[in-house]
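Listed below, chain by chain, are the residues.
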Amino acid sequence: MTLFGRPKLPKIPEDPKAKNKIIYAVVVVLLAVVALISGRLHMEYKPASGGKQADAPFQVHVLDIGQGDSILVIADGHAMLVDGGEPAAAPRILRYLQEKGISKLDYVAATHAHADHIGGLAEVIKAYPPKNIIEPVCAGELLPVTSTYEAYLDAAEGSGARFRALRSGDRFKVGGARITVLAPDTDTAQDLNNLSLVLRVQYGDCTCLLTGDMEMPEEEQILAHKYDLHADFLKVGHHGSESSCSEAFLAAVRPDYAAISCGKDNDYGHPHKETLNRLHAYTDKVYVTAKQGDIVFRYDPATGKRSIATDKTTS
Ligand SMILES: [Zn+2]
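Residues numbered from 1 in each chain as written. Predicted model: local features only at pLDDT ≥ 70, side-chain atom pairs only at ≥ 80, totals over all residues.

Student: Before we move on, could you go through the overall build of the protein chain and cite the residues and values that matter?
Tutor: If you tally the helices and strands in the protein chain, you get nine helices and 15 strands. The buried share of the protein chain, reckoned over its 315 residues, is 40%. Long-range contacts, defined as pairs at least 24 residues apart, comprise 65% of the intrachain contacts of the protein chain with a sequence gap of at least 6. (Helix = DSSP H or I, 4+ residues; strand = E, 2+ residues; numbered from the N terminus. Buried ≥ 20, exposed ≤ 12 C-beta atoms within 10 Å, placed from the backbone. Contact = placed C-beta atoms within 7 Å.)

Here's what the structure looks like:
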């Protein structure tokens, strides 16, 4: 039979196609073998940096910025920076945020108005205008009259952020992390350390406590509330000073991991031996930025795995 006068084409035999498939399969297998031998199979090859690797959805980074505090919380790609170290720490913090691929901050928290916590915040707020800036309620007469504090206030007020003073019981969210303010209760404490903004950060069934420079008087205030204080990860109050982490507070927190932020050979003797001993009664996973550099706590709800990595050790 013909179509428009053209003779019917002979049926193309299937053999050549099948042959091609076999050759293709052999080539694929050979390539895979070569890749395996050279150790460059795609699954094993991951770039060391560049933020492309899947990371735990919840992370708390305690930055090594010398004497002071600066803590980055990341939850589902949303970020909050708690404190910004001394003014000299700003370049390090900005570099760190850049390295971690942070493009915006949902929250900046100033735990209290001392220079080793708010010093670097002015530069951070200018470079990363946050959506929200929070600080503790605080009586005006306690606030320092320093150029560092003025610079922080000017940056905060000029940033366009929602700027609020929070107290015990206030709540907010960063990504999937639910954050409760545990303290201060009122603005009537006698000193700034014990007016520190204390945050309980809950992500899935993992809890972290970020405590600023809280000392024992503020710990007692929190204990009086009968909050559930157990924490997988505790950012130890006031750089591990003797005046923080009472027996009663640690008995309520029962930390699995603890991180202390302080400078190498600092003038205050932080962290104090007694505080370390009290912490070691609950965990031997106590890390100090002065010794171990940046400390990163990770939690993955898919596996339930909690882990710590530092510049010098991993566990
Ligand atoms: Zn401090």
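There's plenty left to go through after this.
Student: Run through the pairing of strand E14 (residues 295–300), naming residues and quoting values.
Tutor: Examined bridge by bridge, strand E1 (residues 58–62) and E14 share five bridges and lie antiparallel to one another. Counterpart to Val 62 in the pairing with E14 is Ile 295. Bridge count between E14 and strand E15 (residues 305–310): six bridges; the pairing is antiparallel. Considered in E15, the bridge of Ile 295 is made with Thr 310. (Pairing = 2+ DSSP bridges.)

Student: Give a detailed account of the sheet that holds strand E12 (residues 257–260), specifying residues and quantitative values.
Tutor: The seven strands are arranged E7-E8-E9-E10-E11-E12-E13 in an open sheet whose pairing can be described as mixed. The open sheet has two edge strands, strand E7 (171–174) and strand E13 (286–288), and neither has a second partner. Sheet twist, expressed as the mean angle between neighbouring strand axes with direction ignored, is 20°. Here strand E11 (residues 233–235) pairs with E12 via three bridges, running parallel. Among the inter-strand pairings, Phe 233 is bridged to a residue of E12, identified as Tyr 257. Each of strand E8 (177–183) and strand E9 (198–203) is contacted by helix H6 (residues 216–224), which is oriented at about 115° to E8, the strand it contacts most. (Axes fitted to C-alpha atoms, helices over the stretch in contact; angles between N-to-C directions.)

Student: Let's hear about the pairing of E12: which residues, and what values?
Tutor: Burial of E12 is two-sided: the residues Tyr 257 and Ala 259 facing one way and the residues Ala 258 and Ile 260 facing the other way are all buried. Between E11 and its parallel partner E12, the chain crosses via helix H7 (residues 247–253), and the hand of that crossover is right-handed. In this structure, E12 lies alongside E13, joined through three bridges in parallel fashion. Bridging across to E13, Ala 259 finds its partner in Tyr 287. Viewed along the sheet, the connection from E12 through helix H8 (residues 273–280) into E13 turns out right-handed. (Right-handed = clockwise from strand over helix to strand, strands pointing away.)

Student: How would you sum up H6? Please name residues and give values.
Tutor: Within H6, the full set of buried residues consists of Glu 218, Glu 219 and Ile 222. Seen from one end, H6 has its buried residues packed into an arc of 105°, which puts them on one side. In the core, the buried residues of H6 are packed alongside E8, E9 and H7. Looking one or two places after H6, you find Lys 226, whose phi comes out positive at around 60°. (Arc of directions from axis to C-beta.)

Student: An account of the sheet that holds strand E2 (residues 71–75) is requested, with residue identities and associated values reported.
Tutor: Spatial strand order, E6-E5-E4-E3-E2-E1-E14-E15: eight strands in an open sheet with mixed pairing. Only two strands of the sheet have a single partner each, and these edge strands are strand E6 (162–166) and E15. When the angles between neighbouring strand axes are averaged without regard to direction, this sheet yields 15°.

Student: Now, about the nonpolar core: what can you tell me, with residues and values included?
Tutor: With 77 residues, the main nonpolar core has Val 73, Met 80, Val 108, Ala 109, Leu 121 and Leu 199 as its most contacted residues. Those residues in contact with Leu 121 that sit more than four places away from it in its chain are Gly 84, Val 108, Ala 110, Tyr 152 and Ala 155. (Core = buried A, V, L, I, M, F, W, Y, C linked by C-beta atoms within 7 Å.)

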